[in-house]
Amino acid sequence: MMMDFNKYQEKTRETAIYKDKLIYPALGLASEAGEVCDKIKKVLRDKNGEFTQNDRLDIRLELGDVLWYVSQIASDLDLGLESVAIRNIEKLRVRKENDTLKGSGDNR
């Protein structure tokens, strides 16, 4: 099944049952991102960095949760998820052209 970002955002909004705009999804995003990192950490520690198919599938589930929370934050701010993705690609394109992909700071 193919799905664009805005369609995904629309569908996930149907499952958003929280009351505290921004607070709940922001905390959820941090939590789920931590779960992704924890799964990767354990593969590095316990499996010498060798990812099995099950590891990949488990991480895919967690990444889906990360994407859900990102989608809800965008919705709470009246931002289309597709516009967020397009702006990110544009920002990275400009940084690549300016040879500023490496480094720090938002405005480089």
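First things first, this report covers the structure right here in the doc. (Residues numbered from 1 in each chain as written. Predicted model: local features only at pLDDT ≥ 70, side-chain atom pairs only at ≥ 80, totals over all residues. Heavy atoms only, no water.)

### Concerning the pattern of salt bridges
Tallied over the entire structure, the rule returns 8 salt bridges. Here E10 makes a salt bridge to K7, at a shortest N to O gap of 3.6 Å. Here the residue E10 and the residue K7 both occupy positions in helix α1 (residues 5-13), the gap between them amounting to 3 residues, near one helical turn. When its relative accessible area of 46% is taken as the criterion, E10 is described as partly exposed. Across the pair D55 and K47 runs a salt bridge whose closest N-O atoms are separated by 2.8 Å. On the basis of relative accessible area, K47 is assigned to the partly exposed category, the value being 36%. (Salt bridge = Lys/Arg side-chain N within 4 Å of Asp/Glu carboxyl O. Helix = DSSP H or I, 4+ residues; strand = E, 2+ residues; numbered from the N terminus. Buried < 20%, exposed > 50% of the residue type's maximum accessible area, 1.4 Å probe, protein only.)

### As for the side chain of D76
Note that D76 resides in helix α3 (residues 53-76). If we ignore the near neighbours within four places in the chain, the residues touching D76 are R13, Y18, K21, L22 and P25. (Contact = heavy atoms within 4.5 Å.)

### Structural notes on the environment of L101
Within the element layout of this structure, L101 appears in the segment after α4 (81-97). Once the C-alpha coordinates of L101 and I89 are considered, the two residues, 12 residues apart in sequence, prove to be 12 Å apart. Beyond its immediate stretch of four places on either side in the chain, L101 contacts L92, R95, K96 and R108.

### Re helix α2 (residues 23-46)
For α2, built from 24 residues, the straight-helix expectation of 34 Å at 1.5 Å per residue is met to within 8% by its first-to-last C-alpha distance of 34 Å. Within α2 the residues assigned to the buried category are P25, G28, E32, V36 and V43. Next to the buried residues of α2 lie α3. Trailing α2 by a residue or two, N48 shows a phi angle of about 55 degrees, which is positive. (Expected span 1.5 Å × (residues − 1).)

### Here's the deal with unusual backbone geometry
Here the phi dihedral of D78 falls at roughly 55 degrees; this positive angle occurs in a residue that is not glycine. With respect to the secondary-structure elements, D78 resides in the loop between α3 and α4. Classification of D78 as exposed rests on a relative accessible area of 73%. Positive phi, close to 55 degrees, is recorded for D99, a residue that is not glycine. For D99, the position within the fold is in the segment after α4.

### Overview of the nonpolar core
Among the nonpolar cores identified, the biggest contains 6 residues, and these are Y8, Y18, W68, Y69, A74 and L81. Per element, the largest residue contribution to this core is 3 residues, and it comes from α3. Setting aside its immediate chain neighbours within four residues, W68 contacts Y8, T12, T15, A16, Y18 and Y24. (Core = buried A, V, L, I, M, F, W, Y, C linked by side-chain atoms within 4.5 Å.)

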